[in-house]
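Chains, contacts and geometry: an overview
Chain residues, written in single-letter form:
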Amino acid sequence: MRRLLLMSQTLRLTGAIPANLLPFNDDYSIDEPEYRKHLRWLADVPGVGSIVVNGHAAEVSALSRDERKRALAIAVDEVGSRVNVISGVISESTFEAGDLAADARAEGAAGVLVFPPALFLWGGNLRPEMAIAYYSHIADAGGLPIVLFQYPVQQGWGYTTELLLKLIEIEPVVAVKEWSQDIVVFERNLKAIRSTGRPVAVLSSFTASLYATFALGADGAISGLGSVAADLQAELFAAVQAGDPARARQLSDRHNALTEVFYAPPFLDMHNRMKEALVALGRIRSATVRPPLQALSKPEQQAIRAALLKAGLLPARRPAGVTA
């Protein structure tokens, strides 16, 4: 336990923490050169000190265990000397989750982001001992700092504030990725965590209201949208920290132009859309996604390009015959 305590004290998470998108070749294999290029861009953004790999944004559920290990190994090799590389752990099995956490340690991850099993979404708050045992096993098996993933509460998925406070007592827990999708619950959880005095960061995943959560005092954000707009998110966080509301509102308006398109129904297409955005920005070669996800229509691709223009991330095309 003492060893875990020392490890948990070495990882402090703050600012913009993008959850990377994983580029694929046309045959669905990992496009390593494009992946490395994407990781370098993220690590180069001022204000980015950590990157999440093997999260939902990386289509982790479509990856084999060996592919998850490889994706993490590439990230650690490419940018691990410059930023903290946090690996996602998502499994329906407590024992497999522990194995994935051990893999993350072996490949050099700085910590793990632990997703709740789908089983927890069926009434897990009524059996809090299940969540406590799940995270405790991962803590023992992985020996790495842990980021808890708080899910939306209105659907009955997220942990109650009372259970969340019990979970952060597990020694390696250093942060909560707060995706309650309810600003009242977010503020309640934030205040409750702060009141414990434990050094546990609250990282917003409330991407559609990022400014509001930063203003409430979030320590930063973990976001798949950060793969596209880590620079915007880092600047927004810095503006809030500097007490510059005019600048923060301007940046928030630009950021919201993206959230309106990326998170439109159907929600399952959010990361497909983000990949199309990276292609439009010239950051990856292909927007290939693994089935059952499917490619987007031309009109939707055009809407994404329009959003990038509105957000100021893509230069407007000059009319034919017009020169600078």
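Above: the structure in question.
So, a few notes on the structure that sits alongside this text. (Residues numbered from 1 in each chain as written. Predicted model: local features only at pLDDT ≥ 70, side-chain atom pairs only at ≥ 80, totals over all residues. Heavy atoms only, no water.)

1. Concerning the pairing of strand β5 (residues 146–150)
We count it as follows: Accessibility here uses a 1.4 Å probe with only protein chains present; expressed as a share of the type maximum, an area under 20% marks a residue as buried, one over 50% as exposed, and anything in between as partly exposed. Helix numbering and strand numbering both begin at the N terminus, where a helix is a DSSP run of H or I of at least 4 residues and a strand a DSSP run of E of at least 2. Should DSSP find at least two bridges between two strands, the strands are taken to pair. Classification remark: right-handed applies to a crossover when, strands pointing away from the viewer, the course from the first strand over the helix to the second runs clockwise.
In terms of burial, β5 is largely enclosed, as five of its five residues are buried. In β5, alternate side chains face the same way, and those of Ile146, Leu148 and Gln150 on one face and Val147 and Phe149 on the other are all buried. Bridge count for strand β4 (residues 111–114) against β5 is three bridges, and the pairing is parallel. Counterpart to leucine 113 in the pairing with β5 is valine 147. Note that the unit made of β4, helix α5 (residues 128–142) and β5 has a crossover that is right-handed. Summarising the sheet, β5 and strand β6 (residues 173–178) pair through five bridges and their orientation is parallel. Opposite phenylalanine 149, over in β6, you have lysine 177 as the bridge partner. This β-α-β element, β5 to helix α6 (residues 161–167) to β6, shows right-handed connectivity.

2. Examining unusual backbone geometry
Geometrically, the link from proline 265 to proline 266 is a cis peptide bond, its omega value of -5 degrees lying close to zero. The omega angle of the peptide bond from proline 291 to proline 292 is 15 degrees, so this bond is cis rather than trans. Of note, proline 292 is situated in the loop between α11 (270–280) and α12 (298–310). Phi is positive for asparagine 54, close to 60 degrees, though the residue is something other than glycine. Its location among the elements puts asparagine 54 in the loop between β2 (50–53) and α3 (65–79). A positive phi angle, near 60 degrees, is found at glutamine 181, a position not held by glycine.

3. Some thoughts on the nonpolar core
A general feature of soluble globular proteins is that nonpolar side chains tend to end up buried together. Formally: Here the nonpolar core consists of buried residues drawn from Ala, Val, Leu, Ile, Met, Phe, Trp, Tyr and Cys, with membership extended through side-chain atoms lying within 4.5 Å. In what follows, a contact means two residues having at least one pair of non-hydrogen atoms within 4.5 Å.
By size, the foremost hydrophobic cluster in this structure holds 106 residues, and its most contacted members are Val228 and Leu258. With nine residues, the single largest contributor to this core is helix α9 (residues 226–241). Contact partners of leucine 258, with chain neighbours within four places excluded, come to Leu225, Ala229, Leu232, Ala307, Leu308, Ala311 and Leu313.

4. Looking at the pattern of salt bridges
Rules: When a carboxyl oxygen of Asp or Glu lies within 4 Å of a side-chain nitrogen of Lys or Arg, that pair is called a salt bridge.
Applying the stated criterion across every chain, the model contains 17 salt bridges. The closest approach of N and O atoms between arginine 127 and glutamate 129, which form a salt bridge, is 2.4 Å. With a relative accessible area of 41%, glutamate 129 lands in the partly exposed category. Salt bridges linked by common partners bring Glu32, Arg36, Arg40, Arg70, Asp77 and Glu78 together as one network.

5. Considering the packing of α11 against α12
Definition in use: Axis definition: a line fitted to C-alpha atoms, limited for helices to the stretch in contact. Angles are taken between N-to-C directions and run from 0 to 180 degrees. What makes a crossing left-handed is the near helix being turned counterclockwise from the far one by less than a right angle; a clockwise turn instead makes it right-handed. Side-chain classes follow a simple rule in which Ala, Val, Leu, Ile, Met, Phe, Trp, Tyr, Cys and Pro form the nonpolar group, Asp, Glu, Lys and Arg form the charged group, and the remainder, Gly included, forms the polar group.
At their nearest, the axes of α11 and α12 sit 10 Å apart, and the two run at 65 degrees to each other. Handedness of the α11/α12 crossing: right-handed. Touching Arg273, Glu276, Ala277 and Ala280 of α11 are Glu300, Gln301, Ile304, Arg305 and Leu308, all from α12. Split by residue class, the contact of α11 with α12 holds four nonpolar, one polar and four charged.

6. Some points on the sheet that holds β5
Spatially, eight strands are ordered β1-β8-β7-β6-β5-β4-β3-β2 in an open sheet, and the strand pairing comes out parallel. Each edge of the open sheet is held by one strand with a lone partner, namely β1 (15–18) and β2. In this sheet, adjacent strand axes meet at a mean angle of 25 degrees when their direction is disregarded. For β1 and strand β8 (residues 220–223), the ladder comprises four bridges, and the chain directions are parallel. Following the sheet pairing, proline 18 is matched in β8 by serine 223. The strands that helix α7 (residues 183–195) touches are β5, β6 and β7 (201–204); relative to β7, the one it contacts most, it runs at about 160 degrees. Sheet strands touched by α9: β1 and β8. Its angle to β1, the strand with the most contacts, is close to 175 degrees.

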